[in-house]
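A structural walkthrough
In case you want the letters, here they are:
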There are 2 protein chains.
Amino acid sequence: MADGLNMSRRIRRTPYTDRVEQAGVRGFSVVNHMLLPKAFQPSIEEDYWHLREHVQLWDVSCQRQVQIAGPDAERLVQWMTPRRISTAKIGDCYYIPIVDRDGGLINDPVMLKIADDRFWLSIADSDVLLYALGLAEAKGFDVQIDEPDVSPLAVQGPKAEDLMASVFGEEIRSIGFFKYKRFDFRGTSQVIARSGYSRQGGFEIYLDDSSLGHDLWDTLWEAGQAFSITPGCPNLIERIEGGLFSYGNEMTRENNPLEYDMAKFIKLDGSVDCIGLAALQRIAEEGVSREIRGIVFGGGRVPTCSKPWPVMVGDRQVGQITSGVWSPRLEANVGLSLIDRGFWDIGQELTVLTPDELERPGRIAKLPIE
Amino acid sequence: MADGLNMSRRIRRTPYTDRVEQAGVRGFSVVNHMLLPKAFQPSIEEDYWHLREHVQLWDVSCQRQVQIAGPDAERLVQWMTPRRISTAKIGDCYYIPIVDRDGGLINDPVMLKIADDRFWLSIADSDVLLYALGLAEAKGFDVQIDEPDVSPLAVQGPKAEDLMASVFGEEIRSIGFFKYKRFDFRGTSQVIARSGYSRQGGFEIYLDDSSLGHDLWDTLWEAGQAFSITPGCPNLIERIEGGLFSYGNEMTRENNPLEYDMAKFIKLDGSVDCIGLAALQRIAEEGVSREIRGIVFGGGRVPTCSKPWPVMVGDRQVGQITSGVWSPRLEANVGLSLIDRGFWDIGQELTVLTPDELERPGRIAKLPIE
């Protein structure tokens, strides 16, 4: 491959990569040592409009599952997150921040409770498996930790439910948001959740057998023709507007869950046994010094945001945009930034400095950005 | 970026990326959530010949340092590896396999002993920092674990020593293989080791201040003009011939150090306290069922090896090539494969199955492949 990403076994293909290539993928990213398609349409903007109107098939196999099983599985997962997980039932999906001793974010997976003694963590881009392996030693927990052969395929967009019903039956419509049920595919039982990395509605199929990858893709692709299906991928414009954060972009270990409006998810009253509890209690007591916000700003179409862009109020830097892009719907740029206390009110006027040396006027916007 | 890898903050730039782009980089890979240049020359073969004859400047910042410091630093590092590290002196670099409880390989970094209570692990592609964080909890070790602002720049090739001496002085020549010394650069003290991911000789500069990145690159680049310097990167042909393995390609957690001729590095007599000791003792007693080997095979130039290629003896699969490429020097293909016991003798004849549906005749070769 002369340009772009070089391929090797280290950067793993997925059960759908052959199909994605046949569908004309125009670029990949790498998440969890695995390929994530990053572009199909001639432009990210066409892709955005299509996602809001129709339905797309996304290869999100890179959302690897860290499977934690055994008598102490729940205790280990609980020790990694400040969200109370004992309330989860089989069939529930919980968004759980994973933290270190200082409350710093290690990852922000979706947890699926598969059985009373078995959990999947559907992870963002860091090796949570290695963290879990280390922590399991810490308390001598009786658990098995591995990465099963599970490759999520997402069906996203307003027509997703109709498409899924045409393939898996009407029962699909009964799945609640962030719940999963099991459905038959070729005589196998597959986990299907109402979830996904967009705000347009949809499902994720946690295919647990790579050898069925082509068949699953083809089945949805063929049924999808009636719904104007296209191949797709997480859309940067849509996710920024939707206030969906990306680990490694908006969040690193320098950050804590309280900066991301996760207070509603987490339990700091001492009733859960989490490694970061004391640190998070201290942070909560003092109050966070910055919080995540949406930014809408002008100055014409921005370049790619590969280095954070300073956000200024007067001469003071109050934040940095870690993901930013032109929104054709708003005819303005949109971005995500942690913003310092005192400057984070909705409507606050500010300036964004981009590498093209423009000073772009903007303001803080409510998330999701309407 | 229309084709290839998409850029974002999550896939981190390095202190040298601006220069690498100015030098005409033609592709990147991703290692440790960071960009690794993958091609400059019109072909990997021109790059190979140049590396064997002259000198190259490689941005290997993706070899991130996991810094483990504090009173229990040595105990924690020792617990992660079966190699005895108490023998290391300040200034030593040790190649240390990092293992899990089953003896499975987590990573294969170079350890630099920076002080009696401070170590750097210069890692391959997995989040060793998260593993260390978890393990540190295990025994209540008194350590600080972080990723310092250290960005290795490699100078590789037979003219590397002369180039480095012209910049840092004659003292450079006194650095032993897998040793480091400290040298002044712009009034700062920088670690420079005689090491690198090639067999052509050279150095790695562990620049510990990103803001000096452009200056360091430019200084070596200008001095390098007298030595026919080019920008470069780890060369697939050269590393396969040299028997340099790649974590994620040749090695995963399914593998153990004894399969990679590391018995000479590791200590299984019970005198070191390593998490994987008991498992490795069992494996050593039973004998490994496969070992790494070089393969030389024909059938003309192979395609890119993004999925392993089966290695057959008759109808039996005895291995799989995980890295393979055409060698213009040997006018044959070269590859690396774990090979089953009974079939791993040098000279064993075999067949390699490649995705172009060719059955390619080959044989097992001694590493490095001369």
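This is a predicted model, so every value here is computed, not measured. Each chain has its residues counted from 1, following the order in which its sequence is written. By the order in which they are written, chains take letters starting at A while ligands take numbers starting at 1. Local features are withheld for residues below a pLDDT of 70 in this predicted model, meaning they are given only at 70 or higher, and side-chain atom pairs are given and counted only at 80 or more; totals for whole chains, interfaces and linings count all residues.

**Here we look at the overall build of chain A**
In this description a helix means any DSSP run of H or I spanning at least four residues, a strand means any run of E spanning at least two, and both kinds are numbered starting from the N terminus. Counting its secondary structure elements, chain A contains eight helices and 21 strands. Radius of gyration (C-alpha) of chain A: 21 Å, near the 21 Å computed for a compact globule of 370 residues. Referenced to the eigenvectors of the C-alpha coordinate spread, the extents of chain A come out at roughly 65 × 50 × 40 Å. To sort residues by burial, count the other C-beta atoms lying within 10 Å of each one's C-beta; a count of 20 or more means buried, 12 or fewer means exposed, and anything in between means partly exposed. C-beta atoms are built from the backbone. Relative to its full complement of 370 residues, chain A shows a buried share of 52%. Each residue is represented by a C-beta atom placed from its backbone, and any two residues with such atoms within 7 Å are regarded as in contact. For chain A, the share of sequence-separated contacts (at least 6 apart) that also reach a separation of at least 24 residues comes to 65%. Radius of gyration here is computed from C-alpha atoms only, and the compact-globule reference equals 2.2 Å multiplied by the residue count raised to the power 0.38.

**Thoughts on the domain arrangement of chain A**
An automatic or database domain assignment provides the domain bounds reported here. What the domain assignment reports for chain A is domain 1 (17–61 + 150–236), domain 2 (65–143 + 257–286) and domain 3 (289–365). Relative to domain 3 of chain A, the C-alpha centre of domain 2 of chain A lies at a distance of 31 Å.

**Considerations on the nonpolar core**
Ranked by internal contacts, the top residues of the largest apolar core, which has 212 residues, are A:Leu76, A:Met111, A:Ala132, B:Leu76, B:Met111 and B:Ala132. Not counting residues within four places of it along the chain, the set of residues in contact with B:Met111 comprises B:Val77, B:Ile85, B:Cys93, B:Tyr94, B:Ile96, B:Phe119 and B:Leu121. To form a nonpolar core, buried Ala, Val, Leu, Ile, Met, Phe, Trp, Tyr and Cys residues must be joined through C-beta atoms within 7 Å.

**Here's the deal with the sheet that holds strand β17 (residues 309–313) of chain A**
Residue and element names in this part refer to chain A. A pair of strands is considered paired only if DSSP assigns at least 2 bridges between the two. On the basis of which strands lie adjacent, the closed barrel formed by six strands has the order β16-β19-β18-β17-β20-β21 and antiparallel pairing. Across the sheet, the mean angle from the axis of one strand to that of its neighbour is 40°, orientation sign disregarded. Note that β17 and strand β18 (residues 316–327) share five bridges and pair antiparallel. Looking across to β18, one finds that Trp 309 is bridged to Ile 321. Only the stretch in contact is used when fitting a helix axis, every axis being a line fitted to C-alpha atoms; angles between N-to-C directions are given from 0 to 180 degrees.

**Concerning the interface of chain A and chain B**
Contacts between the two partners involve 42 residues from chain A, matched on the other side by 42 residues from chain B. Of all elements in the fold, only β1 (27–31), α4 (128–139) and β18 of chain A reach the threshold of two or more residues within the side of chain A that touches chain B. Broken down by element, the residue count for the side of chain A that touches chain B peaks at seven residues, all from α4(A). When grouped by side-chain class, the residues that make up the side of chain A that touches chain B number 16 nonpolar, 15 polar and eleven charged. Residues are sorted three ways: Asp, Glu, Lys and Arg are charged, Ala, Val, Leu, Ile, Met, Phe, Trp, Tyr, Cys and Pro are nonpolar, and all the rest, Gly among them, are polar.

**Thoughts on the pairing of strand β8 (residues 110–115) of chain B**
Residues and elements named next belong to chain B. Burial analysis of β8 places five of its six residues in the buried class, which makes it a mostly covered element. With three bridges connecting them, strand β5 (residues 93–95) and β8 associate as antiparallel partners. Considered in β8, the bridge of Tyr 94 is made with Met 111. Two strands pair when backbone bridges link them, and β8 and strand β9 (residues 118–122) are joined in this way by five bridges, in the antiparallel orientation. Among the inter-strand pairings, Met 111 is bridged to a residue of β9, identified as Leu 121.

**Considering unusual backbone geometry**
That bond from A:Leu367 to A:Pro368 is cis: its omega, -10°, falls within 30 degrees of zero. In this fold, A:Pro368 is placed in the segment after β21 (359–365). Although it is not a glycine, A:Asn32 sits at a positive phi angle of roughly 50°. By the element assignment, A:Asn32 lies in the loop between β1 and β2 (34–39). Classification of A:Asn32 as buried rests on a count of 20 C-beta atoms within 10 Å. A positive phi is found at B:Ser228, a non-glycine position, where the angle reads about 60°. In this structure, B:Ser228 sits in the loop between α6 (213–224) and β15 (230–232). For B:Ser228, a count of 14 C-beta atoms within 10 Å corresponds to the partly exposed category.

**A word on the pairing of β2(A)**
All names here are of chain A. Burial runs high along β2: six of the six residues are buried. Looking at chain direction, β1 and β2 are connected through five bridges and run antiparallel. Looking across to β2, one finds that Val 31 is bridged to Met 34. As consecutive antiparallel partners, β1 and β2 are separated by two residues, and within that stretch Asn 32 has a phi angle of approximately 50°, a positive value.

**Some thoughts on the relation of the copies chain A and chain B**
The copies were overlaid by least squares, fitting only the C-alpha atoms of residues that reach a pLDDT of 70 or more in each copy. Here chain A sits on chain B after a turn of 180° about the axis and a move of 0.0 Å along it, with an RMSD of 0.0 Å. Here the transformation between the copies is reduced to the relation of a two-fold axis. Take the interface residues of chain A: 100% of them recur as interface residues in chain B, which is what a same-surface contact looks like.

**Some details on the packing of helix α5 (residues 160–168) of chain B against α6(B)**
Residue and element names in this part refer to chain B. At their nearest, the axes of α5 and α6 sit 10 Å apart, and the two run at 120° to each other. Considering their axes alone, α5 and α6 lie oblique with respect to each other. Between α5 and α6 lies a crossing of right-handed hand. Here Leu 163, Ser 166 and Val 167 of α5 come into contact with α6, specifically with Thr 219, Leu 220, Ala 223 and Gly 224. Residue composition of the contact of α5 with α6, by class: four nonpolar, three polar and no charged. Angular relationships are summarised with four words: roughly parallel below 35 degrees, roughly antiparallel beyond 145, roughly perpendicular across 65 to 115, and oblique for the angles in between. By definition, any crossing whose near helix is turned counterclockwise from its far helix by less than a right angle is left-handed, and any crossing with a clockwise turn is right-handed.

**With respect to helix α4 (residues 128–139) of chain B**
Residues and elements named next belong to chain B. To estimate the expected span of a helix, count its residues, drop one, and scale the result by 1.5 Å. The terminal C-alpha atoms of α4, which comprises twelve residues, lie 17 Å apart, in line with the 16 Å expected from a rise of 1.5 Å per residue. Among the twelve residues that make up α4, nine are buried, leaving the element largely enclosed by the rest of the structure. When we look at burial in α4, the residues that qualify are Val 128, Leu 129, Leu 130, Tyr 131, Ala 132, Leu 133, Gly 134, Leu 135 and Ala 136. Two residues or fewer after α4 comes Gly 140, characterised by a positive phi angle close to 65°.

**A few points about helix α6 (residues 213–224) of chain A**
All names here are of chain A. Compared with an ideal rise of 1.5 Å per residue, which puts twelve residues at 16 Å, α6 spans 16 Å between its outermost C-alpha atoms and is within 8% of the ideal. All of the buried residues in α6 are Gly 213, Leu 216, Trp 217, Leu 220 and Gly 224. Each buried residue of α6 sits inside an arc of 95° when the element is viewed along its axis, so together they form one side. Seen from the open side of α6, the exposed residues pointing more than 90 degrees away from its buried face are Asp 218 and Glu 222. Taken together, the buried residues of α6 touch α1 (17–22), β3 (56–59), β11 (151–156), α5 (160–168), β12 (180–185) and β14 (202–207). It is the directions from the helix axis to the C-beta atoms that the arc portrays.

**Let's talk about the sheet that holds strand β16 (residues 290–297) of chain B**
What the six strands build is a closed barrel, ordered β16-β19-β18-β17-β20-β21 (chain B); its pairing is antiparallel. Averaged over all adjacent pairs, the angle separating strand axes in this sheet is 40°, with direction ignored.

**Details of the environment of A:Ser327**
Residue and element names in this part refer to chain A. Mapped onto the elements, Ser 327 comes out in strand β18. Ser 327 gets classed as buried once you count the C-beta atoms within 10 Å, which come to 20. Taking C-alpha positions, Ser 327 is 9.5 Å from Ile 240, a pair spaced 87 residues apart along the chain. Once you skip the residues sitting within four places of it in the chain, Ser 327 turns out to touch Ile 237, Glu 241, Ala 332, Asn 333 and Val 334.

**Some remarks on the environment of B:Tyr16**
Considering the arrangement of structural elements, one finds B:Tyr16 in the segment before α1 (17–22). Between the C-alpha atom of B:Tyr16 and that of B:Ile96, which follows or precedes it by 80 residues, the distance is 27 Å.

**Observations concerning the environment of B:Asp59**
All names here are of chain B. Structurally, Asp 59 can be placed in strand β3 (residues 56–59). Using a count of 27 C-beta atoms within 10 Å as the deciding quantity, one classes Asp 59 as buried. Taking the C-alpha atoms as reference points, Asp 59 and Asp 100, separated by 41 residues in sequence, lie 30 Å from one another. Every residue in contact with Asp 59, bar those within four places of it in the chain, is listed here: Thr 14, Tyr 16, Val 20, Pro 37 and Leu 153.

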